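Spelled out, the chains give:
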Amino acid sequence: MSKREKSLNALEGPVTEVAAEFPERHVLVKCPGCRRVIDAEKLEANLDVCPRCGRHLRLSGRKRMKVTVDAGSFEEWDADLAATDFLEFPGYPEKLEAAREKSHELDAVVCGRGKIGGHDCALFFMNADFMMGSMGSVVGEKVTRVFERALELRLPVVGFTVSGGARMQEGTTSLMQMAKVSAAVRRHSEAGLLYVTVLTDPTTGGVTASFAMEGDVTLAEPGALVGFAGPRVIEQTTHKRLPAGFQRSEFLLEHGFCDLIVERRDMVATLAELLALHEGSAPAAGAPHALSHEEPRGKRGNRPKRTPAPESAYDIVKLTRSTERVTALELIERSLDGFVELHGDRLFADDAAIVAGIGWKGGRVLTVIAIERGNSTKERVRRNFGMAHPEGYRKALRLMREAEKFGRPVLCLVDTSGAYCGIGAEERGQGEAIATNLVAMSGLKVPIVSVIVGEGGSGGALGLAVADRVYMLGSSAYSVVSPEGCASILWKDAKRAAEAAEALRITAPDLAELGLVDGVINDLGLTHTEIAHDLMREVELALDELEGLDADELVRRRYDKFRVMGGDRICSRS
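Predicted model only: the values in this text are computed from it and were never measured.

A.B. asks: I keep staring at the overall build of the protein chain and nothing clicks. Help me out?
C.D. replies: A count of helices and strands for the protein chain gives 22 helices and 19 strands. Its C-alpha atoms give the protein chain a radius of gyration of 27 Å, within 12% of the compact-globule value 25 Å for 574 residues. Across its three principal directions, the C-alpha atoms of the protein chain cover 95 × 55 × 50 Å. Buried positions account for 51% of the 574 residues belonging to the protein chain. Across the protein chain, every contact between residues at least 6 apart in sequence was considered, and the portion connecting residues at least 24 apart equals 70%. Surface exposure of the protein chain reaches about 25,800 Å², of which carbon and sulfur atoms provide 54%. When the 73 positive and 83 negative side-chain charges of the protein chain are each reduced to one mean point, those points stand 3 Å apart.

A.B. asks: Honestly, helix 21 (residues 528-546) in this entry has me stumped. Any pointers?
C.D. replies: Because each turn of an α-helix spans 3.6 residues, side chains separated by three or four positions in sequence point in the same direction. With 19 residues, helix 21 extends 27 Å between its outermost C-alpha atoms, agreeing within 8% with the 27 Å of an ideal straight helix rising 1.5 Å per residue. Among all positions of helix 21, only His528, Ile531, Ala532, Asp534, Leu535, Met536, Val539, Ala542, Leu543 and Leu546 are buried.

A.B. asks: Help me understand the pattern of salt bridges, please; the structure alone is not making it clear to me.
C.D. replies: Side chains that differ in sign of charge can pair as their charged atoms come close. On inspection of all chains with the given rule, the structure shows 48 salt bridges. The shortest N-O distance in the salt bridge between Asp415 and Arg373 comes to 3.0 Å. A residue pair is termed long-range when its members are at least 10 positions apart, and Asp415 in strand 15 (residues 410-416) and Arg373 in the loop between strand 14 (364-371) and helix 13 (377-382) qualify at 42 residues. Both residues of the pair, Asp415 and Arg373, count as buried. Close ionic contact of Asp468 with Arg558 constitutes a salt bridge, the shortest N to O distance being 2.8 Å. Separated by 90 residues along the polypeptide, Asp468 in the loop between helix 17 (458-462) and strand 17 (469-473) and Arg558 in helix 22 (residues 551-563) bring together distant segments of the chain. One continuous salt-bridge network, built from bridges that share partners, spans Asp78, Glu141, Arg145, Arg149 and Lys180.

A.B. asks: Help me understand the side chain of Glu330 in this model?
C.D. replies: For Glu330, the position within the fold is in helix 12 (residues 328-335). On the basis of relative accessible area, Glu330 is assigned to the buried category, the value being 1%. At 3.5 Å, the side chain of Glu330 and the side chain of His528 are in polar contact.

A.B. asks: What's the story with unusual backbone geometry in this structure? I'm lost.
C.D. replies: Glycine aside, residues mostly have negative phi, and peptide bonds are mostly found in the trans state. Cis geometry marks the peptide bond from Asp201 to Pro202, where omega comes out at -10 degrees. Of note in the backbone geometry, Met132 takes a positive phi value of approximately 55 degrees without being a glycine. Among the secondary structure elements, Met132 is positioned in the loop between strand 6 (119-126) and helix 5 (137-153).

A.B. asks: How should I be thinking about the packing of helix 12 against helix 21 in this particular structure?
C.D. replies: Pairs of packed helices are described in terms of their axes, by the angle between the two and the distance that separates them. Following both chains from N to C, one finds helix 12 and helix 21 inclined at 75 degrees, their axes separated by 9 Å at the closest point. With respect to helix 21, the element helix 12 is oriented roughly perpendicular. Taking contact as the criterion, the partners of Glu330, Leu331, Arg334 and Ser335 in helix 12 are, on helix 21, His528, Thr529, Ile531, Ala532, Leu535 and Met536.

A.B. asks: It is not clear to me how the packing of aromatic side chains should be interpreted in this structure. Could you clarify?
C.D. replies: For any pair of aromatic rings, the description rests on two quantities: the centre-to-centre distance and the angle between the ring planes. Evaluated as defined, the whole model comprises six aromatic pairs. Seen in terms of ring centroids, Phe124 and Phe147 are 6.4 Å apart; in terms of plane orientation they differ by 55 degrees. Their pairing is tilted. With Phe124 in strand 6 and Phe147 in helix 5, the pair connects residues that are 23 residues apart, well separated along the chain. For Phe124, a relative accessible area of 0% translates into the label buried. The class of Phe147 is buried, set by a relative accessible area of 1%. Judged by centre distance (5.6 Å) and plane angle (85 degrees), the rings of Phe124 and Phe211 are edge-to-face. In this pair, Phe124 is assigned in strand 6 and Phe211 in the loop between helix 7 (205-208) and strand 9 (217-220), connecting sequence segments 87 residues apart. Residue Phe211 is classed as buried on the basis of its relative accessible area, which comes to 0%. Here a set of aromatic residues connected by ring pairs shows up, and it is made of Phe124, Phe147, Tyr195 and Phe211. Between the NZ or CZ atom of Arg496 and the centre of the ring of Trp491, over which it lies, the distance is 4.2 Å. Over the ring of Phe562 we find Lys561; its NZ or CZ atom is 5.7 Å from the centre of that ring.

A.B. asks: Help me out: how do you make sense of a nonpolar patch on the surface in this one?
C.D. replies: On the surface, Phe86, Leu87 and Phe89 cluster together to form a nonpolar patch covering roughly 260 Å² of accessible area. Inspection of the secondary structure assignment puts Phe86 in the loop between strand 4 (75-77) and helix 4 (92-103). A relative accessible area of 39% means that Phe86 is categorised as partly exposed.

A.B. asks: Would you mind going over the packing of helix 5 against helix 6 (residues 171-190) with me for this structure?
C.D. replies: Where helix 5 contacts helix 6, the two axes come as close as 9 Å, and the packing angle between them is 10 degrees. Comparing the axis directions of helix 5 and helix 6 gives the class roughly parallel. In this structure, helix 5 contributes Ser137, Gly140, Glu141, Val143, Thr144, Phe147, Glu148, Ala150 and Leu151 to the contact, and helix 6 contributes Thr173, Gln177, Lys180, Val181, Ala184, Val185, Arg187 and His188. Of the residues contributing to the contact of helix 5 with helix 6, the split by class is seven nonpolar, six polar and four charged.

A.B. asks: Please clarify how helix 3 (residues 61-68) should be interpreted in this entry.
C.D. replies: Inspection of helix 3 places Gly61, Arg64, Met65 and Thr68 among the buried residues, and these make up the whole buried set. With its buried residues spanning 100 degrees around the axis, helix 3 presents them on a single face. Close packing links the buried residues of helix 3 with strand 5 (109-116), strand 6, strand 7 (157-163), strand 8 (195-204) and helix 10 (264-278).

A.B. asks: In this structure, what is going on with the nonpolar core? I would like to understand it.
C.D. replies: Nonpolar side chains tend to gather and get buried jointly when the protein is soluble and globular. Formed by 61 residues in total, the largest nonpolar core has its most connected members in Val158, Leu219, Leu271, Ile369, Val410 and Leu464. Excluding residues that lie within four positions of it along the chain, Leu219 makes contacts with Val196, Thr197, Val198, Leu199, Leu260, Val262, Met267, Thr270, Leu271 and Leu274. Judged by nonpolar contacts, the second largest core, of 38 residues, contains Ala122, Val143, Met178 and Val181.

Conventions used here
In this convention, every chain numbers its residues from 1, walking through the sequence in written order. Per-residue local features are limited, in this predicted model, to residues with pLDDT of at least 70; the limit for side-chain atom pairs, both in listing and counting, is 80 or more; totals at the level of whole chains, interfaces and linings are taken over all residues. The basis for every side-chain value is the complete set of heavy atoms in the structure, and neither hydrogens nor water enter the calculation. To qualify as a helix, a DSSP run of H or I must reach at least 4 residues; to qualify as a strand, a run of E must reach at least 2; elements of each kind are numbered from the N terminus. For this measure, only C-alpha atoms enter the radius of gyration; the expected value for a globule follows 2.2 Å times N^0.38, where N is the number of residues. Exposure is judged per residue with a 1.4 Å probe applied to protein chains only, and the accessible area is read against the type maximum: over 50% gives exposed, under 20% gives buried, and values in between give partly exposed. The contact criterion used is simple: two residues touch if any of their non-hydrogen atoms lie within 4.5 Å. Using the Shrake-Rupley algorithm and a 1.4 Å probe, accessible areas are obtained, with residue cover drawn only from the displayed protein chains. We treat Lys and Arg as the positive residues and Asp and Glu as the negative residues; His and chain ends play no part in the count. To locate a charge, take NZ of a lysine, CZ of an arginine, CG of an aspartate or CD of a glutamate. To estimate the expected span of a helix, count its residues, drop one, and scale the result by 1.5 Å. Each reported salt bridge corresponds to a side-chain nitrogen of Lys or Arg within 4 Å of a carboxyl oxygen of Asp or Glu. Under this definition, polar contacts are N or O atom pairs within 3.5 Å; protein pairs additionally need one hydrogen-donor-capable and one acceptor-capable atom, and for neighbouring residues in sequence, both atoms have to be side-chain atoms. Between N-to-C directions, angles cover 0 to 180 degrees, with each direction set by a line fitted to C-alpha atoms, over the stretch in contact for helices. Here the word oblique covers every angle except those under 35 degrees (roughly parallel), over 145 (roughly antiparallel) and from 65 to 115 (roughly perpendicular). Side-chain rings of Phe, Tyr and Trp (the six-membered ring for Trp) are treated as a pair once their centres are within 6.5 Å; stacked means planes under 30 degrees apart, edge-to-face means over 60, and tilted covers the remaining angles. Definition used: whenever NZ (Lys) or CZ (Arg) falls within 6 Å of the ring centre and also within 35 degrees of the ring normal, the charge is taken to sit over that ring. Note that patches include only residues with greater than 30% relative accessible area and no salt bridge, and the join distances are 9 Å for like charges and 5 Å for nonpolar side chains (Val, Leu, Ile, Met, Phe, Trp, Tyr). Ten residue types, Ala, Val, Leu, Ile, Met, Phe, Trp, Tyr, Cys and Pro, are classed as nonpolar, four, Asp, Glu, Lys and Arg, as charged, and the remainder, Gly among them, as polar. Arc definition: it is the arc formed by the directions from the helix axis to the C-beta atoms. By nonpolar core we mean a set of buried residues, namely Ala, Val, Leu, Ile, Met, Phe, Trp, Tyr and Cys, connected to one another through side-chain atoms within 4.5 Å.

Rendered as structure tokens:
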């Protein structure tokens with residue numbers, strides 16, 4: 001260790017001005033992550049992200065505003081509101097005075113209106129420099145007013161959270177701010193307006209248990225501590241050491257509680273992209289999640305050039321399971337201009353078997369939900385071979401509800417042998433999750449197009465296929481049960497699977513003839529790119545027609561569509 005670093009390590013605090021020993025008088029910062037020293041100017045140029053270890057250091061609310069909002073566009077609201085010691089809490093006046101002197105702010109949040117990438121929005125930026133961003137009556141009042149004014153002005157809200165929780169020096173009044181702000185969030189949401197939260201380090205306590213977790217889209221900075229109870233409280237309560245990474249952003253993503261982890265350097269572009277999509281328009285050129293449509297190299301290339309024509313229904317079933325087959329995610333990548341994947345069911349986990357998010361094609365913005373089985377052994381294991389857990393269907397439902405709120409059509413791509421059968425899936429309500437989707441999709445007030453792009457296995461497939469238009473690729477299959485399962489159950493002989501496949505009439509032409517699907521998209525002999533192009537063409541044609549219907553007519557026609565299925569084949573006997 002150098003003499004300079006030894007000197008810095010001997011001093012408290014992350015920032016130290018080096019005086020007589022270093023005549024250049026650089027301001028140096030010691031990273032709390034890697035403990036290395038960094039020139040403050042270089043750190044600031046890197047948006048206060050350590051260039052060595054990537055640790056995102058905390059920003060004040062006002063500095064956060066300056067690096068987020070378009071220059072010259074910010075109009076501050078309620079800057080004069082200041083907390084008072086209305087409980088006469090011991091030592092509170094002194095703490096307030098010290099916090100104001102340290103932060104040069106009257107309280108722990110900066111609020112106002114501004115533009116991000118040219119998109120108008122209401123904003124709030126919490127400030128850890130003021131009593132660790134604790135939420136008292138002023139914070140609650142200012143954030144509530146943001147949502148109320150945004151409702152009046154029909155603006156989306158973008159909020160950056162950082163907080164140690166409710167401010168104890170204001171007693172139960174601080175607790176009530178959770179309810180007050182949440183009610184304002186609800187009114188804003190019911191008006192069909194967007195709320196994006198950005199979780200930064202740390203976001204804990206009453207803020208986590210209220211408006212930090214109430215966004216339509218929840219972003220988080222890497223490594224941010226986010227939780228209801230702080231780590232120290234949990235360890236004192238449970239008398240156990242917490243595992244590495246517990247309550248960090250990555251933990252939240254894995255457990256289904258945030259949509260994306262976004263590096264600080266990408267935050268403005270990502271927010272601008274989301275704001276554009278929720279306005280119903282394609283993002284500007286160079287958006288973070290735009291798709292290039294360059295042909296992938298290697299195994300995921302244009303394989304195969306030609307799919308051999310199947311000779312039987314069971315040949316089609318085997319074809320749907322081939323690793324050479326185009327997958328749902330490939331179809332997304334090859335057919336859309338851009339796609340922002342969103343994660344998590346907000347209850348338990350993020351299921352990799354279901355990919356869901358917001359995509360755009362030309363000027364049309366749509367919600368896309370796909371069952372993805374992967375095309376390599378490693379990828380198939382990660383995605384559970386396309387067999388979704390309950391949290392996958394609940395993630396899909398969350399995104400469909402958001403599509404309805406913002407008036408976006410829904411596209412579902414289905415490729416699964418069936419919903420996952422396992423102890424955990426049953427414990428978490430696999431049947432209930434699928435059943436809830438069926439009810440919700442039957443009444444969803446936006447157009448839905450579903451395409452069976454591989455195997456359509458039983459209720460696991462139907463959970464994403466109650467749609468205004470249901471199409472099948474020519475080489476796909478859709479069935480109440482797998483041929484193997486049918487043969488085993490009915491004939492006690494799985495070797496009769498080919499016979500069962502013929503009897504079940506599971507091919508696209510068969511189901512079109514039965515009136516159970518609306519059309520067949522030919523994919524035999526085509527490249528993956530050609531398949532994606534033809535599929536999206538059919539989807540767009542369907543949406544052109546469906547988007548001309550009002551919501552009530554759309555739902556009525558969807559009901560009538562499924563109401564007649566099988567009814568015309570019932571024979572009454574006197």
